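The lines below spell out each chain.
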Amino acid sequence: MLNLPLLHSGRLSGIAVLTVALTLLSFLTPSSNSTTLAQAAATVPVKLQTTDEDATSKAVIGSFLYFPGTDLTNGIELWKTDGTSTTLVQDIRTGSADSYPEGLIAIGETLYFSANDGIHGDELWMHNSSTTTMVRDINDGPAGSFPDRMTVIGETLYFVAETDDSGHELWKSNSSTTTMVRDINDGPAGSSPSRLTVVGENLYFRADDAIHGTELWVHNSTTTTMVRDIASGDDSNPDDLASIGDTLYFKADDVIHGRELWMHNSTTTTMVRDINPGGANGNPDGLTSMGNTLYFSAFDDDHGYELWMHNSMTTTIVRDINPGPNHSNPQRLLTMGNTLYFMADDGAHADELWMHNSTSTSMVRDINPDAGVGSPDSLYVMGNTLYFSANDGSHGRELWKSDATTTTMVRNLWVESDPSNPEDGNPSGFLAFGSTLYFTATDAVGWGLWKLDAASSGSGNNNNSNSGSSSTTSQAPALPTLITTRADSGVKFARNTSKLSTKARKAIRNKIQSFESVSFIACTGLTDSNPSSAERVLARTRAQNTCSLARRSSPDTDTKIQVRVSSANGNSAHGVRLRVTGTKKK
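Residues numbered from 1 in each chain as written. Predicted model: local features only at pLDDT ≥ 70, side-chain atom pairs only at ≥ 80, totals over all residues. Heavy atoms only, no water.

A. Structural context of the overall build of the chain. From N to C terminus, the chain includes one helix and 45 strands. Taken over 586 residues, the chain has a buried fraction of 53%. As presented, the chain carries roughly 24,200 Å² of accessible surface, and 45% of it is formed by carbon and sulfur atoms. (Helix = DSSP H or I, 4+ residues; strand = E, 2+ residues; numbered from the N terminus. Buried < 20%, exposed > 50% of the residue type's maximum accessible area, 1.4 Å probe, protein only. Areas by Shrake-Rupley, 256 points an atom, 1.4 Å probe, with all protein chains shown as cover.)

Below, the structure is given as structure tokens:
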């Protein structure tokens, strides 16, 4: 009989014992912080370490890939792997609670990320060959500054952080100092910088200075200024920033033409074309450059949402994939060499993988036939191969690949016990490291970091009858067997939390983890866009201002706390406040 380690235990008032995590897992032999993999077939995607559904952040320094993982004993912490040995870097939040490192990004030999040590809240941390330490307690005290949107220019890290005095503003850190770039909206409200995009030596972003609304801003080595007040007296809400050379493209609303395609270079900021003439929105989306051409999805009354292009000579529709005013709704645009890949619906095959090159625009493969939805997602290019997740209707959402000759499923990661009820492996967070592809996915055991030797992915034994190709996916024999704690009724966040930011879910989870036992949980939406410090929001959401928490359990299923967030109006994001009643940990 296995004694599974739990994050918390204790008898609740009329409620089952709660174990708090997104997915709780344990090793069969969790006596070491290092996992050594036996030699396995090069084509076998291997689960290296337990992790979390949202823990998809990864970064490479030298010969190691860093990622958030857990052996349950230490919660979700910073780990590293060279593909053979997987090791805990540091237990930042001592004990079973999570420090939950996020936003991993490398500058030279230094790794930056946000983490919560249980004392200072979520703050900026760093790791190099000799130390792992907090860079600065930006928001003094336990509340945390929640560093986010980390972006690198040269040797400087730029990010957005929150303090009680200044709200969300733009910050920077280098080897000698960590400081606010500019208090754009003076006072505690903050300017909420977002969409950080590097063009040359300039950092572009959108922000609200409380005078001009949300507009386009730029920071260089000496100054931080608004580029142009595009919607005078209102918000132009620039979004989908992308660049070709020294030219920045984005969508914005000047309150005259609706939401259309704009450009900015060293001499001018102007609308490129009124794609949907008049005050209606063309709403260009998914701006993606391939060579000197910009591709995007846009709407006009004659064609609906279709694939468009812009170059130095013209702005025009590429193809009316779903003829007439119906939408093909191209999404998830990504380039591989001289080919653009995207998802679209031609009206006959639903959402499937498409491609465009200099000679044609065509569907790559009807992955889910019979009008099913293949819905390719998380597209990632490694060499001459496109990796992505898709659902063929038989295996759930699994790992797929496409190259110049074939499009096939790599492996059914979650082999379902009932083929009539396929489960999703949900691979995402892809990152290439040498000839190896790393990603986050789940199987019947739980979420984990996986690797695939992509250089040899055409050979090897296939031990899975559900696999769609000759590649195999299995667990290396020497890897400690993972044991699920589903029977122990963990608290999980249901799928309908997708409207909540990762920061919101993380804050809620951390709040619950501070209790030894819980008897009551309630959640209230905050409608005050600038709450007092006594009503400090746990996390900001997108245009949601009411929420509820409901507990659901049955004898043979997981206990879940579902966070439902609904919008009562179209106002700006406010927040969620959680109230937990129970016995605090000593």
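From this point, the narrative continues.
B. How the structure looks around the environment of Gly245. Positionally, Gly245 belongs in the loop between β21 (239-244) and β22 (247-253). With 45 residues separating them in the primary sequence, Gly245 and Gly200 have C-alpha atoms 8.1 Å apart.

C. The pairing of strand β35 (residues 397-402), seen in detail. Burial runs high along β35: six of the six residues are buried. Relative to β35, strand β34 (residues 385-391) is paired through six bridges, and the arrangement is antiparallel. Note that in β35 the partner of Ser389 across the bridge is Leu399. Taking the residues that link successive antiparallel strands as the turn, the β34-β35 hairpin has five residues, and the phi of Gly393 there is positive, at about 90°. The sheet contact formed by β35 and strand β36 (residues 407-411) spans four bridges and is antiparallel. (Pairing = 2+ DSSP bridges.)

D. Summary view of the nonpolar core. In terms of nonpolar packing, the biggest core is built from 12 residues, these being Met382, Tyr387, Leu399, Val410, Leu413, Phe430, Leu437, Phe439, Ala441, Trp450, Leu452 and Ala454. With three residues, strand β38 (residues 436-442) is the largest single contributor of residues to this core. Leu399 has contacts with Tyr387, Phe388, Met409, Val410, Arg411, Leu413, Pro427, Phe430, Phe439 and Leu452, leaving out every residue within four places of it along the chain. (Core = buried A, V, L, I, M, F, W, Y, C linked by side-chain atoms within 4.5 Å. Contact = heavy atoms within 4.5 Å.)

E. A look at unusual backbone geometry. With a phi close to 55°, Arg149 is a non-glycine residue in the positive phi region. Mapping Arg149 onto the fold places it in strand β13 (residues 148-153). Despite not being glycine, Ser378 has its phi angle at roughly 55°, a positive value. Mapped onto the fold, Ser378 is located in strand β33 (residues 377-382).

F. Local environment of the environment of Tyr112. When you line up the elements, Tyr112 lands in strand β10 (residues 110-116). Taking the relative accessible area as the measure of exposure, Tyr112 reaches 7% and is therefore buried. Through-space distance from the C-alpha of Tyr112 to that of Thr132 is 9.7 Å; in sequence the pair is 20 residues apart.

G. Representation of the environment of Arg332. Assignment of secondary structure puts Arg332 in strand β29 (residues 331-336). On the basis of relative accessible area, Arg332 is assigned to the partly exposed category, the value being 32%. Through-space distance from the C-alpha of Arg332 to that of Asp285 is 9.7 Å; in sequence the pair is 47 residues apart. Here Pro376 takes part through its backbone oxygen, which lies 3.0 Å from a polar atom of the side chain of Arg332. Within the local environment of Arg332, its side chain forms a polar contact with the side chain of Asp377, the two groups lying 3.4 Å apart. (Polar contact = N/O pair within 3.5 Å; in protein donor to acceptor, adjacent residues only side chain to side chain.)

H. View of the pairing of β22. When you tally the buried positions in β22, you get six out of seven residues, the bulk of the element. Relative to β22, β21 is paired through four bridges, and the arrangement is antiparallel. Following the sheet pairing, Ile244 is matched in β22 by Thr247. Two strands pair when backbone bridges link them, and β22 and strand β23 (residues 259-264) are joined in this way by six bridges, in the antiparallel orientation. Pairing of Asp253 across the sheet is with Arg259, part of β23. Two successive antiparallel strands, β22 and β23, enclose a turn made up of five residues, where Val255 displays a positive phi of approximately 70°.

I. Summary view of the pattern of salt bridges. Scanning the model with the defined rule gives six salt bridges in all. Between Asp239 and Arg259 there is a salt bridge; the shortest N-O distance is 4.0 Å. Placement of the pair is Asp239 in strand β21 and Arg259 in strand β23, with a sequence separation of 20 residues. Pair check on accessibility: Asp239 and Arg259 agree, each one buried. Across the salt bridge formed by Asp285 and Lys251, the nearest N and O atoms sit 3.3 Å from each other. With a gap of 34 residues between them, Asp285 in strand β25 (residues 285-290) and Lys251 in strand β22 connect regions that are remote in the sequence. (Salt bridge = Lys/Arg side-chain N within 4 Å of Asp/Glu carboxyl O.)

J. Representation of the packing of aromatic side chains. A full pass over the atoms with the stated rule returns six aromatic pairs. Ring centres of Phe439 and Trp450 lie 6.4 Å apart, and the angle between their planes is 10°; on these two criteria the pair is classed as stacked. Of this pair, Phe439 sits in strand β38 while Trp450 sits in strand β39 (residues 447-453), and the two are 11 residues apart along the sequence. Overall, the relative accessible area of 0% leaves Phe439 in the buried class. When its relative accessible area of 3% is taken as the criterion, Trp450 is described as buried. An aromatic cluster is built from Tyr380, Phe430, Phe439 and Trp450, whose rings are joined through pairwise contacts. (Phe/Tyr/Trp six-rings, centres within 6.5 Å; stacked < 30°, edge-to-face > 60°.)

K. Just the sheet that holds strand β28 (residues 315-319), in detail. The strand order across the open sheet formed by four strands is β25-β26-β27-β28, and the pairing between neighbours is antiparallel. Every interior strand has two partners, whereas the edge strands, β25 and β28, have only one. Averaged over all pairs of adjacent strands, the angle between their axes in this sheet comes to 35°, without regard to strand direction. (Axes fitted to C-alpha atoms, helices over the stretch in contact; angles between N-to-C directions.)

L. A look at the confidence of the model for the chain. Put simply, the chain has an average pLDDT of 75, and 68% of its residues get 70 or more. Contacts of residues 517-582 to residues separated by more than four positions or lying in other chains number 167 contacts, the stretch itself having pLDDT below 50. (pLDDT = per-residue confidence, 0-100.)

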